[in-house]
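Residue strings, one per chain:
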Amino acid sequence: MVLASWSVAAAADCDFNKRVGSCKAQIEIRSSTGSKGSYSAEIIVRSSAPTCSKVDYYLDNTPQRAILKGGNAEPESVFGTRPISRKNFKVEKCAAFEDRQNAAQGGQQQGREGSKSFAGTWHGKVGWMMLSAPMTLNLRINGNSVSGNSSSPNGQSYEIQNGRVSGNTVSYTYQQPSGDGEASVRITMKSANSISYSASASGVTMSGTLQRR
């Protein structure tokens, strides 16, 4: 019979129900000892995944599993009835799982970077049916909040109100200078330097594509 005991590394919020890919593993023997009929070895199981992986391996013909939580190496003590050397081990598979903390940080970072991609000065033509006119749009981003203004060559300027970023979309309102109430604007990111603009007010929708200056 072969027995194994695992020391659990600290501090990773692993979701072992969510596999995210494969990894590579190897086993390093640190020391071995024993006499006829009773042998032991101290080993290190290493994974190419930085955290949150499971390594299935065999010691002779007995299946074993190492669970790596807080890093990519886990010490193990193994025991057997015959001398233990590297040739007694065979790695069966290595699976990587989600580290919730890293995933959350990555998502937050991606969200911050995505929202900031709207910031800057955009220029293009916006129109309705056959009519169009140049427009310059200035967007300032602070977290998920949007401020700034749009202006036209005739000197009219509209201040952004209630501006918010959600994914690859910006929405805001502005007061129409004619006193006809609010206009609602929706902007969608088309590429790194191109956005789609759509504004609706009084039953009319004006749209166009703006380019980053």
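Quick note: structure is the one above.
Presented here is a report on the structure given in the accompanying data block.

Scoring rules and cut-offs
Every chain's residues receive numbers from 1 upward, in the order its sequence appears when written. Predicted model: local features are reported for residues with pLDDT of at least 70 only, side-chain atom pairs are reported and counted for 80 or more only, and whole-chain, interface and lining totals are derived from all residues. Water and hydrogen atoms play no part in the side-chain values, which are based on all heavy atoms of the structure. Secondary structure follows DSSP: runs of H or I at least 4 residues long count as helices, runs of E at least 2 residues long count as strands, and numbering of each begins at the N terminus. The cut-offs for exposure are 20% and 50% of the maximum accessible area for each residue type, with area from a 1.4 Å probe on protein chains only; residues under the lower value are buried, those over the upper are exposed, and the others partly exposed. At least two bridges found by DSSP between two strands is the condition for calling them paired. A fitted line through C-alpha atoms represents every axis, and for helices the fit uses only the stretch in contact; the resulting angles, taken between N-to-C directions, go from 0 to 180 degrees. Residues belong to a common nonpolar core when they are buried Ala, Val, Leu, Ile, Met, Phe, Trp, Tyr or Cys residues joined through side-chain atoms within 4.5 Å. Working rule for contacts: check all heavy atoms of both residues, and any pair within 4.5 Å makes them a contact. Only a pair of cysteine sulfur atoms within 2.5 Å qualifies as a disulfide here. Both cavities and pockets are sets of points on a 1 Å grid over the protein atoms alone; in a cavity a 1.4 Å probe fits but cannot get out, in a pocket the set is open with protein on both sides within 12 Å along at least five of seven lines, and lining residues sit with an atom within 4 Å of a point. Grid points are joined across faces, edges and corners, and a volume is the space filled by probe spheres set on the points. When residues are sorted by character, Ala, Val, Leu, Ile, Met, Phe, Trp, Tyr, Cys and Pro go into the nonpolar class, Asp, Glu, Lys and Arg into the charged class, and all the rest, Gly among them, into the polar class.

### Looking at the environment of K36
Part 1 of the argument: Relative to the helices and strands, K36 resides in the loop between strand 3 (25–35) and strand 4 (38–47).
Part 2 of the argument: On the accessibility criterion, K36 (82% relative accessible area) is exposed.
Part 3 of the argument: Put simply, K36 and T81 are 45 residues apart on the chain and 7.3 Å apart in space, counted from C-alpha to C-alpha.

### So, the sheet that holds strand 2 (residues 14–22)
Part 1 of the argument: If you trace the 4 strands from one edge of the open sheet to the other, you get 2-8-5-6, paired in antiparallel fashion. The open sheet has two edge strands with one neighbour each: strand 2 and strand 6 (62–68). Across this sheet, the average inter-strand angle for adjacent strands is 35 degrees, counted without regard to direction.

### Quick look at the nonpolar core
Part 1 of the argument: The biggest cluster of nonpolar side chains holds 23 residues, and the ones touching the most others in it are F118, L137, Y172, I187 and Y197.
Part 2 of the argument: Going through the elements one at a time, strand 9 (120–128), strand 10 (131–142), strand 14 (169–175), strand 15 (182–191) and strand 16 (194–201) are the ones with two or more residues in this core.
Part 3 of the argument: The contacts of Y172, once residues within four sequence positions are left out, are L137, I160, Q161, N162, G163, A183, S184, V185, I187 and Y197.
Part 4 of the argument: Counting residues in hydrophobic clusters, the runner-up holds 17 residues, among them A41, Y57, A66 and L68.

### Let's talk about the state of the cysteines
Part 1 of the argument: Counted under the stated rule, the structure contains 2 disulfides.
Part 2 of the argument: C23 shares a disulfide with C94; S-S distance 1.9 Å. Judged by the torsion about the S-S bond (-90 degrees), the C23/C94 disulfide is left-handed. Pair noted here: C23 is in the loop between strand 2 and strand 3 and C94 is in strand 8 (residues 89–99), with a separation of 71 residues, a long-range link. Exposure class is identical for C23 and C94. Each is buried.

### Some details on the layout of surface pockets
Part 1 of the argument: Counted as a void, the largest pocket has a volume near 500 Å³.
Part 2 of the argument: Along the wall of the largest pocket there are 23 residues; nearest its centre are V126, Q156, Y158, Y174 and M206.
Part 3 of the argument: Residue assignment for the lining of the largest pocket shows that the elements contributing at least two residues are strand 9, strand 10, strand 11 (145–151), strand 16 and strand 17 (204–212).
Part 4 of the argument: When grouped by side-chain class, the residues that make up the lining of the largest pocket number 14 nonpolar, 9 polar and no charged.

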